[in-house]
Amino acid sequence: MTKKEKASITVNDKKYFIEDMTDEQKTMINHIQDLTRKIESSQFNLEQLNFGKNAFVNSLSQSLEAL
């Protein structure tokens, strides 16, 4: 039978076990995780938007050269 490890996080180079935390601390962890996901998603969306904008700028530039 394998022994289940306790879930933990490391903050400022110190390991903390989630099950030992208060509900408020667990909520803060959930907020941090959610905000991290949102930041990553926003960065991905920004890359797409910049690529799309650049594609339109290039397309406009090429069409203007034909004038």
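See the structure shown above.
This one's a predicted model, so the numbers in the text were calculated from it and none came from an experiment.

**Thoughts on the pairing of strand β1 (residues 8-11)**
One ladder, built from four bridges, connects β1 with strand β2 (residues 14-17); its direction is antiparallel. Within the sheet, the bridge partner assigned to Val-11 lies in β2 and is Lys-14. Connecting the antiparallel pair β1 and β2 is a turn made up of two residues, with Asn-12 showing a positive phi of about 55°.

**Observations regarding the layout of surface pockets**
Here the largest pocket is characterised by a volume of approximately 240 Å³. Together, Ile-9, Val-11, Tyr-16, Met-21, Gln-25, Met-28, Ile-29, Ile-32 and Gln-33 line the largest pocket. In terms of residue class, the lining of the largest pocket is built from seven nonpolar, two polar and no charged.

**As for the packing of aromatic side chains**
This structure, assessed with the given rule, holds zero aromatic pairs. A cation over a ring is seen here: Lys-6 above Phe-17, with NZ or CZ 4.6 Å from the ring centre.

Rules used throughout
Residues numbered from 1 in each chain as written. Predicted model: local features only at pLDDT ≥ 70, side-chain atom pairs only at ≥ 80, totals over all residues. Heavy atoms only, no water. Pairing = 2+ DSSP bridges. Helix = DSSP H or I, 4+ residues; strand = E, 2+ residues; numbered from the N terminus. 1 Å grid on protein atoms, 1.4 Å probe; cavity = no way out; pocket = protein on both sides within 12 Å on 5 of 7 lines; lining within 4 Å. Points joined across faces, edges and corners; volume = space filled by probe spheres on them. Nonpolar A, V, L, I, M, F, W, Y, C, P; charged D, E, K, R; others polar. Phe/Tyr/Trp six-rings, centres within 6.5 Å; stacked < 30°, edge-to-face > 60°. Lys NZ or Arg CZ within 6 Å of the ring centre and 35° of its normal.

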